[in-house]
Amino acid sequence: MAKKVFFVVALLGLALGARYGLGTPISEELAAQYDLRPVVLPDGRGLPPGEGKVAEGERIYAEKCASCHGARGEGYPFNRLVAEPFPITPDTEPVEYAIGNYWPYATTLYDYIRRAMPFGAPGTLTDEEVYHLVAFLLYMNGIIEADEPINQKTLPQVRMPARELLDVDPETKRRFPWLTLP
Ligand code: HEC
């Protein structure tokens, strides 16, 4: 009963709040604390301009990532980023998941790194730096050549070794068509 009364009062409060224009628009300072950039979708929508090179990525990786992911992405203390074997198949013995054997889309890697890494300071990498890092990590996983530039156009064309392993149920696919590629 008490719960019900609370619910009705809360609802009434919300309704009146809307009616009398209560609430404050979000300040620019507060808005700046949220990451409001578009999500990068599997097909590359949302990717910013810029271009990444493997050699540049190697330099940035050594400075900002190696301490947690190992000098060559082998992991320790945190996640392994460079995969063996390529890729994981249903018959593969369990191994440590990593980019080359587990990630279905290269574009997701861009979004993830830009949004979440480096772990202690997410959001501090420039769009260009993220492209460099993605290029380096794809190269280290044996997916692109050392001289392949990574940008808005080329990144969605990269076919990940684990692409076929992504198994999304048909209902989810129907409701969220942008979540997967055909
Ligand atoms: C302070 C330690 C730390 C640093 C520095 C760091 N990471 Fe991470 N990274 C983590 C942790 C912890 C996770 C796991 C996060 C989770 O599962 O929620 C992670 C996860 C990842 C993953 C996902 C791995 C997977 O397959 O699940 C990627 C990719 C990654 N980091 C890339 C980077 C890159 C690129 C940099 C450098 C810009 C970086 N990280 C710097 C700690 C770090």
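Residues numbered from 1 in each chain as written. Predicted model: local features only at pLDDT ≥ 70, side-chain atom pairs only at ≥ 80, totals over all residues.

A. Looking closely at the overall build of the chain. Helix and strand content of the chain: eight helices and two strands. Secondary structure elements of the chain occur, N-terminal to C-terminal, as α-α-β-α-α-α-α-α-β-α. In the chain, which comprises 182 residues, the share counted as buried stands at 28%. Pairs at least 24 apart in sequence give 58% of the contacts found in the chain among residues at least 6 apart. (Helix = DSSP H or I, 4+ residues; strand = E, 2+ residues; numbered from the N terminus. Buried ≥ 20, exposed ≤ 12 C-beta atoms within 10 Å, placed from the backbone. Contact = placed C-beta atoms within 7 Å.)

B. Structural detail: the site of the ligand. The full set close to the ligand counts 19 residues, and Cys 65, Cys 68, Met 117, Pro 118 and Phe 119 are the nearest of them. Contributions of two or more residues to the shell around the ligand are made by α4 (66-69) and α6 (106-116). Ranked by residue count, the leading element in the shell around the ligand is α4, at three residues. (Near = placed C-beta within 6 Å.)

C. View of the packing of helix α3 (residues 54-64) against helix α7 (residues 127-140). Two numbers describe how α3 lies on α7: the axes approach to 7 Å, and their chain directions differ by 100°. Looking at the two axes, α3 sits roughly perpendicular to α7. Every residue of α7 that contacts α3 at Val 54, Glu 56, Gly 57, Glu 58, Ile 60 and Tyr 61 is listed here: Glu 129, His 132, Leu 133, Ala 135, Phe 136 and Tyr 139. Looking at the contact of α3 with α7 residue by residue, the class counts come to seven nonpolar, two polar and three charged. (Axes fitted to C-alpha atoms, helices over the stretch in contact; angles between N-to-C directions. Parallel < 35°, antiparallel > 145°, perpendicular 65-115°, else oblique. Nonpolar A, V, L, I, M, F, W, Y, C, P; charged D, E, K, R; others polar.)

D. Structural view of the environment of Lys 173. The topology assignment puts Lys 173 in helix α8 (residues 170-175). Overall, the presence of 12 C-beta atoms within 10 Å leaves Lys 173 in the exposed class.

E. Summary view of α7. In this model α7 runs 20 Å from its N-terminal to its C-terminal C-alpha over 14 residues, within 8% of the 20 Å that 1.5 Å per residue would give. In terms of burial, α7 is largely enclosed, as eleven of its 14 residues are buried. For α7, every residue scored as buried is listed here: Val 130, Tyr 131, His 132, Leu 133, Val 134, Ala 135, Phe 136, Leu 137, Leu 138, Tyr 139 and Met 140. Those residues of α7 that are buried are in contact with β1 (51-52), α3, α5 (99-102), α6 and β2 (150-151). A positive backbone phi angle near 75° is found at Gly 142, which sits one or two residues after α7. (Expected span 1.5 Å × (residues − 1).)

F. Representation of α3. Within α3, burial applies to Val 54, Gly 57, Glu 58 and Tyr 61. Projected onto a plane normal to the axis of α3, the buried residues spread over an arc of 105° and lie on a single side. Residues of α3 that are exposed and point more than 90 degrees away from the buried face comprise Ala 55, Arg 59 and Glu 63. Buried positions along α3 lie against β1, α4 and α7. (Arc of directions from axis to C-beta.)

G. Fine view of the nonpolar core. Formed by 33 residues in total, the largest nonpolar core has its most connected members in Val 134, Ala 135, Phe 136, Leu 137 and Leu 138. Those elements that place two or more of their residues in this core are α3, α6 and α7. By residue number, the principal contributor to this core is α7, which donates ten residues. Look past the residues within four positions of Val 134 in its chain and what remains in contact with it is Gly 52, Ala 106, Leu 109, Tyr 110, Ile 113, Ile 150 and Leu 155. (Core = buried A, V, L, I, M, F, W, Y, C linked by C-beta atoms within 7 Å.)

H. Local environment of the environment of Ala 71. Looking at where Ala 71 falls in the secondary structure, it is placed in the loop between α4 and α5. Between the C-alpha atom of Ala 71 and that of Glu 58, which follows or precedes it by 13 residues, the distance is 9.8 Å.

Spatial relationships are all this shows, so hold off on functional conclusions.
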